[in-house]
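# Examining the three-dimensional arrangement
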Amino acid sequence: MFDHGQPSYAEVNKDILSTMLETGPKYWMLLGMTMSVAGICFFMPWIYQLFVGVGAAGMNHNAVWGSYLSNFIFWIGLSHSGTLLSAVLHITNSPWRKSIYRSAEAMTLFSLMTAALFVMVHVGRVWFVHWSFPIPNEMGLWPNFRSPLMFDVMAITTYLTASSIFIYMGSVPDFAAVRDASTGLRRRLYTIFSFGWRGTAREWHTLGWAYTFFAVFVIPLAVSVHSIVSWDFALSAVPGFHHTIFAPYFVCGAIYSGTAGIVTVMYCLRKFLGFERYIGQVHLDSLGKLLITLSLIWSYINILELFTTWFGGTSYELEALSFRLTGFYAPLYWEMLIFCAFVPLLMLFKKIRLSWNKMLLISVLINIGMLTERFIIVATSQPRKFLPGAFGFYVPSWIEISISVGSFAIFVTLFLIFIKWVPAISIYEVKETLKPLRRNV
Amino acid sequence: MSKISRRDLLQYIGAGGIGVAGGVLYGEGVQRKVELLIPQVIPPEDYSPGVATWYNTVCNQCSAGCGISVRIREGKAKKIEGNPVHPVSRGRLCARGQAGLNVLYNPDRIRTPLQRADRGSENTAEISWDDALTTIGSRIGRLKIEGNAGRIRLLTGRTRGHLDELFAQFMNLLGSEHYQQYDFTYPSALAAANKTSFGTDVLPYYDIENADFLLSFGADYLGTWLSPVHYSRAYGNLRQGRQGQRGKTVQVEPRMSLSGAAADEWIAARPGTEGLLALGIAHVLVSSGSYTGNDRDEWSSALQAYSPSMVSAETEVSEDTIVRIAEEFGASTASLAIAGGATAAGTNAVASIVAVNALNHLAGNLGKPGGVILNSAQTFPAAAGSSPAGLQGALDLVAAMQAGDVEVLLVHDTNPVFSLPDNVGFRQAMENVPLIIALSSFHDETTVMADFILPTNTYLESWGDDVPDPGVGFPVTSLSQPVVAPLYDTLPVGDIILSLARQIGGELPIHMPWASMEEFIKDRWREEFDERMSEGQDQNFEAFWQAVLEAGVWGQPGAAAGGQPESSSSPTIAAIADPVSKFAGDETDYPFVLHPYLTATFLDGRGANLPWLQELPDPMTSVVYGSWAELNPVTADELGIEEGDVLEIESPAGSIRVPAFIFPAIRPGVVAVPIGQGHTSYGRYASDRGVNPIHIVATLMDKQSGDLAWAATRVKITNTGERLRIVKTDGVTRTLGRQILGPGNDHG
Amino acid sequence: MSTFVEKLRQYSKPGYYDEFDYHWTMTIDLDRCTGCEACVVACQAENNLPIVGEERFAQSREIKWIRIERYWEGEYPNIKMGFIPMLCQHCDDAPCETACPVYATYHNQDGLNTQIYNRCIGTRTCAVYCPYEVRYFNWFTYTWDEPLEQQLNPDVSVREKGVMEKCTFCIQRIRIAKDNAKDDDRRRVRDGEVVPACVQSCPTEAMLFGNSKDPEAKVSKMMKNTRGYTVLKDLNTTPSIVYLKKVHA
Amino acid sequence: MSISVLDALQPAKKPALIVLVLVFGLFVGAWVHGKYFSDRSPIQPIDFSHRIHVTDNEIPCQHCHIYAERTPVAGVPSVSKCMGCHNSVPSVRESPEILKLATYWENREPIPWIKVYDLPDYVHFTHKRHIKAGLACQECHGPVETMDRITRVATMKMPWCVDCHTEREVEHGRDCWTCHK
Amino acid sequence: MAILGSFAFEEDFLDAARKLKSSGFDKLSLLSPLPLEEAQELMGLEKSPVRHFSLAGAIFGAIAGFAMAVATSLVFILPTGGRAIITIPPFLIITYEMTILFGVLFTLLGFHFVSGLPAWRDRPYLISAGIDRFVVIVEGAAADQVARAEAIIRDAGADEVRHVEEDQ
């Protein structure tokens, strides 16, 4: 479990809390950089777009959905690693979960927030977006619960709420640890954050039960969220969207890209926060195996999609398929296949699986591939719908590309803020994995 | 609660104050902008806010003369529709007609009289009407006194009705006989050929509505030819208007037009040989015994030379097709042949049309339903009838201008600089004219050469009347009235002429005593009403006038048409001649035939400044905003040309650069370029957009009619290697086996 | 209570809506249609469609509630062109309607597929779901060069950026006709009293509009024509526009 | 050593109170604005009194608002209409407000009345239908006959319209396309 | 008066707790830096009542979700896509999401309710309990019992014992 020998309890506290409490100039520089990138690349173009209209993006009549939505799915997908994986591993009691789940859950939260931002960027009149929430408004008119988009609204808000609660509750004992390690304002703040946690048997017991229930709720929720996102597409008759396989496809793809995301985040935590002691090869190995499995499922579903489309043989689907495979965006399609289906097979070799740098590369490639996948779904299906006369074309504008880049900066910014507010590794759960101290050993 | 210190209290008060102020500001901020409720000072009698009223008038967007109804709300024109009681439009209207609102509310309209120091430039100075009319009036008056009135010329577009009479009278009183019309779209050759065949140059009524078999040689009767709205309505009836009887249409033209697309059969005969094809069909009609008239022998000998085999070799239409069409044509109860477009724009246009007329003779459909019905030259109220003079007239004018014989040129409603080939040199010749006055609503290419621009009211702001040409088989006169108050400091063209007459003085104001065009028209109508119609009617003139004004049209549906057409075939037989067109340019140097065509949207370019029309996808290609050159896919393949490749199209008379468009329904060896774009000056929507193919047309002429043979130019094509994106709405133009055009109708 | 249960039962029935006396229907005879595009301009004039400009046109941002699609059949010289006017089909089972999260588009009691501009938040889902691609999005707030705005029809809202729009079967004309009918104490408008701008303008009378619930209406009779078909029938959208197939002689 | 959340919260009490006061102030401000400074009762260019015209002189509404029963718009009387009566009412001819009217008339200028009831452009309301349905003007415009200066009494927001339509069971009165198009 | 005993080793701590319990000290708090099953067993904690909250929340959410979907679609009768006004399949999705949402929210509520957090009142605590010490707190011991409790704690091997005044 621990590559460099077992630390003592006190060392665990010290190691983990120090990353939070001690802040160097590098951190501020990095934070400043990501914040400015987020501001310049994401918010400024968005504000411009708010003034001129969504026409600032490259979408057009033939493809009214564009990169904003593919980014939305990507981020929702990325969110699927954390909470879902954490909950599944919690239920199945996998010990290697404990040192990575906190950041994984944070990833969930922040990618969900980023995804929600993309919904805002996507819609034409964001200033009226509250009409899609089930809250009373001045028209006395409620949202349409028959709409797949409403499923989305409900699912994502629920997911966001549940994930926040999940990560928060898991952190309460750690907030107490922060409280104990600090003074002044921070101490007061963390007293409130930790609800005055003392770590009594009753508190631990209640938290344990509650946490298990959260996990039980979150697993079906996470599955439903990406299924619902897929239904935004699959419930339309659009060739390329209208597949029954879409829900499992999206869920699998989501977990796939999310898991790859965890590898990336793990690498960064290890590298920049010095968690070598807590994040070790066992994690890498386990995640590598998981990735291979997911990659194979993903490939299988892709083959299935091609096969059913070909086998169905309708003109609509075949045209959309041939555009995808051979049309303007074909290079992207093949790039996606290489990154998501073939490159991950390298992880079959244990040597590669245990190499941090190679795993980082593979995980980043997988996520590039998954981002492409979402773009391909959105961009190659809509312009080839039913009426050939309305066939068209969609190329993202600079605004869209900039906003996509900016979204990564937002994500990193949120993450950077997170590691200064919440212990990036669960302190008490790491302690659980240590061999208990015996007086006479 | 612990005691509140003074400091704390102040803080609370401060917070509360900021809160209240913020609340007030918020309330102010979300408050709606103050809107005013402006009452009228004195409301007009028929004014109802929020309720639309319809006024009938006449469309002026082409020379068909459709009756229109304009929807007016709160004094603004909102929509133009066809006038349901008008026999030409019958309640319908084409795209161009409906875009008339863009003429009225065009942002580029000339809003005040202008004076220009240097010709061709955009720099103009505003001038008052008084100053402008005084200056112009004194110049013209001096010429008249000096006896040089012949040096005054008036050039207008197609002008009919009493405005035509006003122009004629004005020029007559001045003592100049140089009132002339030029309209690119006017079918001079058709008029000349019909004069030969039927003895009258009043355009006849082609009764497509009741025809069973319509054979069109180049005439895009659904898009641009003579009276598209009327013919479209007729076409609908021909197809599906009669129970169990569906008329058939065949179109002969090298490039599929809207009518070609609608036709059951589209025949791309070799360009310039359409007339020959007509003669070939005629030959079969006579030789097969389908024609049984007394003069069969005469026909037979006249058509002797045009055997199907010979015609087939020339036209590259198979003998079978010729025979089959002839048989169907002969066998149909009401078969009708019409000619227009490129067929009527070759060097032997008149001969070609005569050949087509021969078919009508042989089918025996003259004066019958579904055939050719002659229109009466007699109309009510009678108006002088002058016709455009075609290329010959323009050449004469150019010659006169070059020779310095023109001192004052008045131009109205025509744009010869744009719609004449460059070779004619109209623009250059205008430089020799000391004073050019444009009566115009827009800065077009001709107007920018004018020294004085007198802005005219648009047709929606003017009085007028019109005798549609071609008519509808019975006497019809439309009355147009201003439907909105003039938007700017402009005057109706008739009023300008009357004011000028007053300025010039002499006997002019005596003979032209009317204060305005309205008065003039009403006066004329009253005169004739008293003369011709008051007998046997209880109606007085005012009631009659009100009724006509309300209906927008006066007509006599029951009245006999313009008498029987020349039933004798002999003039036609005598006129049969070799109808094959000659082309400018050598076939080896210039391997392609240039096929400029009028578009349903811009016609000869006059519609190009209307944004709705610029944004209207071309019916056949879906292209908007720009020009293109159509090539057959095979030809394009051979030359390695793809859509968007910029081609240099060079004729003996000049060259243009235009992007290629691969068009599957065009004869290989023909390159078609739409007319209408390529304006250098015509407002923001038209300027610097596309090319004008008329400019590279060689100045060949049909000798008999003096009409420009605009379809008789050969060109060569070079791929410049540049690319230009063609803006169009179409994606893929094949159904891909999808049931879009109906079950079992998808041939992929 | 029983009425409540009754209502519930009614509302659980698919396809239920408070039906009125109308089911507005259009027939388009492709044998008459010549593709002249008069309808396109008529619609533009009636419904305040923007003038988008060349650049935006090139990006497929044009707004044409009715457009003509053209399809070639065959190759030169035996080539034929098929025109088909494409406008909102006012499907009874419209895919677009279920897509909208805020009810900006729904089916009203006249069998019309509505679009409420001021309710729209611009998710554009309806446009994705529409198989006929007849929903148009306002990518910008379009403006008119002065004084072209004087032409705007005051009976139709001018749309701002970020909202979807589409053919309404000229609802303003339907409303005016119904208004007139009410004034005359008639329960129904007469056949032919409501004429959308496109139908009105059609020079070949290819289009016919009316209430298909009235068996005497011209449009009901025309719908029975053996050439009648609906586009993309296999998608089961049950459109309110019946096309009449072109006759190939 | 001991822990209590309450202790930790103690220093936050004052800022929280200040924020509370601020928020309360906001509400008060908004209310005050609505009550005293809103556009519900704008000052018109002429101090026209409906009370004098309707109650004292018993002029029916549609005598002046002539378009209400036949067009979507109620319409304000034209200047000529005002003058038509006031020319023949010598008693008040010299009052300053009538003199204002006379000035407008002499200059042939319309009176720039400020709209009190203004609907957004996407609402297509018609007076005609409502008058024909037998609604009194006061149902929506309030007791105009008692007002010296006209005051907006209804919100003119959608639920206000819809409630009435529901209450009166207007046939399809809740179809969005009844008003929005 | 509360007595705090801090232990370095888990077994000593459990030992002390067991002894205290058997000696009749009921108001025990067992503080540990990580959850200890033995300690929970010792305190007699088996199934947590949180689960009732979760169930109640889920049921409430399901009913509320479905009811919301049905009720709001009846406010305005706006048919879409030929579907019924009350369409079961999509409403089930809403129900599903709301079930989870309220399940989670009620579980959270349950946690707070059962665990007694956030704790408003002052409670004895040792910082080391959050790091590496196991702490036994005996509360509510009568004055005469304090010494006995302390003896038990010390016997078990506590490395530190403290007395803290409780505020009542």
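Summary of the structure given here. (Residues numbered from 1 in each chain as written. Chains lettered and ligands numbered in written order. Predicted model: local features only at pLDDT ≥ 70, side-chain atom pairs only at ≥ 80, totals over all residues. Heavy atoms only, no water.)

This brings us to helix α5 (residues 161-174) of chain B. Residues and elements named next belong to chain B. Taking 1.5 Å per residue, 14 residues should reach 20 Å; α5 reaches 20 Å between its end C-alpha atoms and fits that length. The buried count for α5 comes to 13 of 14 residues, which makes it a mostly enclosed element. Gly-175 lies just past α5 and shows a positive phi near 95°. (Helix = DSSP H or I, 4+ residues; strand = E, 2+ residues; numbered from the N terminus. Expected span 1.5 Å × (residues − 1). Buried < 20%, exposed > 50% of the residue type's maximum accessible area, 1.4 Å probe, protein only.)

Looking now at the interface of chain C and chain B. Of the residues lining the interface, 65 residues belong to chain C; the matching set on chain B comes to 78 residues. Considering only the surface of chain C that becomes buried against chain B, Arg70(C), Trp72(C) and Tyr76(C) emerge as the three largest contributors, covering 12% of it. Across the chain C-chain B interface, the total number found is eleven salt bridges. The residue Arg70(C) makes a salt bridge to Asp730(B) at a minimum N-O spacing of 2.8 Å. The tally of links from chain C across to chain B stands at 38 residue pairs in polar contact (both at pLDDT 80 or more). Of all elements in the fold, only α2 (38-46), α3 (54-58), β2 (66-73), β3 (80-87) and α7 (197-201) of chain C reach the threshold of two or more residues within the side of chain C that touches chain B. At seven residues, α2(C) tops the list of elements feeding residues into the side of chain C that touches chain B. Grouping the amino acids of the side of chain C that touches chain B by side-chain chemistry returns 32 nonpolar, 13 polar and 20 charged. (Contact = heavy atoms within 4.5 Å. Buried area = accessible area lost by both parts, 1.4 Å probe. Salt bridge = Lys/Arg side-chain N within 4 Å of Asp/Glu carboxyl O. Polar contact = N/O pair within 3.5 Å; in protein donor to acceptor, adjacent residues only side chain to side chain. Nonpolar A, V, L, I, M, F, W, Y, C, P; charged D, E, K, R; others polar.)

Let's shift gears to a negative patch on the surface. Together, Glu37(E), Glu38(E), Glu41(E) and Glu46(E) make up a region of like negative charge exposed at the surface. Looking at where Glu46(E) falls in the secondary structure, it is placed in the loop between α2 (37-42) and α3 (50-75). (Patch = residues over 30% accessible without salt bridge, like charges linked within 9 Å, V, L, I, M, F, W, Y side chains within 5 Å. Areas by Shrake-Rupley, 256 points an atom, 1.4 Å probe, with all protein chains shown as cover. Lys, Arg positive; Asp, Glu negative; His and termini not counted. Charge placed at Lys NZ, Arg CZ, Asp CG, Glu CD.)

Attention now goes to the sheet that holds strand β6 (residues 207-211) of chain C. All names here are of chain C. With mixed pairing, the four strands of this open sheet are ordered in space as β6-β1-β8-β7. Here the strands that pair on one side only, and so sit at the sheet edges, are β6 and β7 (228-229). In this structure, strand β1 (residues 24-29) lies alongside β6, joined through five bridges in antiparallel fashion. When the sheet's bridge partners are listed, Met-26 is paired in β6 with Phe-209. (Pairing = 2+ DSSP bridges.)

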